[in-house]
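Examining the three-dimensional arrangement
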Amino acid sequence: MKPQSMTHKILARAAGRPGVVGGEVLDVAIDMCFTHDPVLEPLSREFYEGFGRDAKVWDPRRIALFQDHLVPAKDAVSRRLGMAMDRFAAEQGIEAYYPYGENYGVCHIVMCEEGHVLPGEVVLGTDSHSVTYGAFNAFGSGVGMTDMVNVFATGRLWLKVPEIINVDIRGALRPGVLAKDIILRLIGQIGMDGASYRTLEFTGDTVAAMSVEERMTLCNMVVEAGAKNGIMSLAPAARAYLEKVARRGFEPVETDPGFEYARVIRYRAEDIEPMVACPHSPANVKPVSALRAERVAVQQVYVGSCTGAKFDDIAVFARALEGGRVAPGTRLMVVPSSMQIYRRLAESGLMASLLRAGAVIESPGCKACYGAHGGVLGDGETCLSTTNRNFRGRMGNPKSQVYLGSPVTAARTALAGYID
């Protein structure tokens, strides 16, 4: 058997095979899956139409449901979607249900907080940023609604084995440089199709030293380069995190010595500087230093989403703001990713610090990252956001401009009133 990568080992295990090769199509057993409020209503309709009104999901313990995109309900239609989820959870006996309330939040963050993501497992969701789960040495990927209907019914799905791109990062990052800057640098280099249906496997001592949340940021945005998944070894910090929340035992995987990567990309950490993705593509990347002279004025700074509103993201942002005030004419929105994070902000005193700086702290949810509500931009407005996409209209208005940056860049921009 040829040497296997982490991703290949996970898929082989799930298919009951000793090993696999890139390009193979496998019948894979799914360990955990989820859907959320924009998808569940049509998904449940297709499920019952396809498998019968009395159909039951293959294993209600392996399915999670989230209200995160359209909460609190902005209109009657949004609430109808939430009600449909209430009914489906009750009909199917799904206990891992997180409706709007004291324990809800953005699906990817709550999936990790609640121990639903484990090393060596296959985890799928009806959301492209399910690639986040590679931070915990899992195969995480997004699938479409029809694929998920079949997963709900059978617990299995056909998956093609990706080839592997190794991204090796070594050295110490400069002060103020974060995982968001690394992933923007990578996407800017290889483009939005540079890893199409491939795995981005992160290695190197820089990655090994990262916090759990920084590792999540790195994996979260691999889909912006077209990747099927992102993955990394299980670092001690990630293992310690899982030991507190894991719902089952787990078995991490490692890439075999001698495995042949399709491509190897190497970075020295000290060479990476703060980066910004300019409109209207996550691949339209420039160093902040190149934009500073242009004094790109912003009307809104948005700290939110599964990418940029974890506790550490907001803590770093708050420290960079400390003692300052938001620039006149700039709105500052902070949208924690989950209620667990929201409570920690309140208990730690960071919420008070943010309020003193002029921030408005919103309830958790996808909100303006999804573009449906909660921070939609006006015609001609510009936003610096810690989210993951800046396509035209992504934040709800095709006549607006969105730049993507790290929490540190967001803080400096909020204080200056222009990208800094």
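Attention here is on the structure that accompanies the text. (Residues numbered from 1 in each chain as written. Predicted model: local features only at pLDDT ≥ 70, side-chain atom pairs only at ≥ 80, totals over all residues. Heavy atoms only, no water.)

This part covers the state of the cysteines. Taken as a whole and assessed by the stated rule, the structure comprises zero disulfides. Considering cysteine sulfurs only, C112 is the nearest to C219, which forms no disulfide, with 10.0 Å between them. Take C219: its relative accessible area is 0%, and that puts it in the buried class. With no disulfide of its own, C278 lies 13 Å from the sulfur of C383, the closest cysteine sulfur. Using a relative accessible area of 4% as the deciding quantity, one classes C278 as buried. (Disulfide = S-S within 2.5 Å. Buried < 20%, exposed > 50% of the residue type's maximum accessible area, 1.4 Å probe, protein only.)

Moving on to helix α2 (residues 37-51). Taking 1.5 Å of rise per residue, the 15 residues of α2 would be expected to cover 21 Å, and the 21 Å separating its terminal C-alpha atoms lies within 8% of that figure. When α2 is considered as a whole, its buried residues turn out to be D37, V39, L40, E41, L43, S44, F47 and Y48. Those residues of α2 hidden inside the fold are in contact with β2 (32-36), β3 (63-66), α3 (76-92) and α5 (145-154). Directly after α2, the chain includes G52, whose backbone phi takes a positive value near 105 degrees. (Helix = DSSP H or I, 4+ residues; strand = E, 2+ residues; numbered from the N terminus. Expected span 1.5 Å × (residues − 1). Contact = heavy atoms within 4.5 Å.)

The subject of this paragraph is the side chain of S385. With respect to the secondary-structure elements, S385 resides in strand β17 (residues 382-385). A distance of 2.6 Å separates a polar atom in the side chain of S385 from a polar atom in the side chain of T387. Excluding anything up to four places from it in sequence, S385 contacts K180, Y302, M395, V402, Y403, L404 and G405. (Polar contact = N/O pair within 3.5 Å; in protein donor to acceptor, adjacent residues only side chain to side chain.)

Taken as a class, soluble globular proteins show a tendency for nonpolar side chains to be buried jointly. Counting residues in each nonpolar core, the largest one holds 99 residues, and the members touching the most others are L200 and F202. Per-element tally for this core: the top contributor is helix α6 (residues 179-190), with seven residues. Filtering out sequence-adjacent residues up to four positions away, L200 remains in contact with I165, V167, L186, A195, V222, A225, A227, N229, G230 and I231. (Core = buried A, V, L, I, M, F, W, Y, C linked by side-chain atoms within 4.5 Å.)

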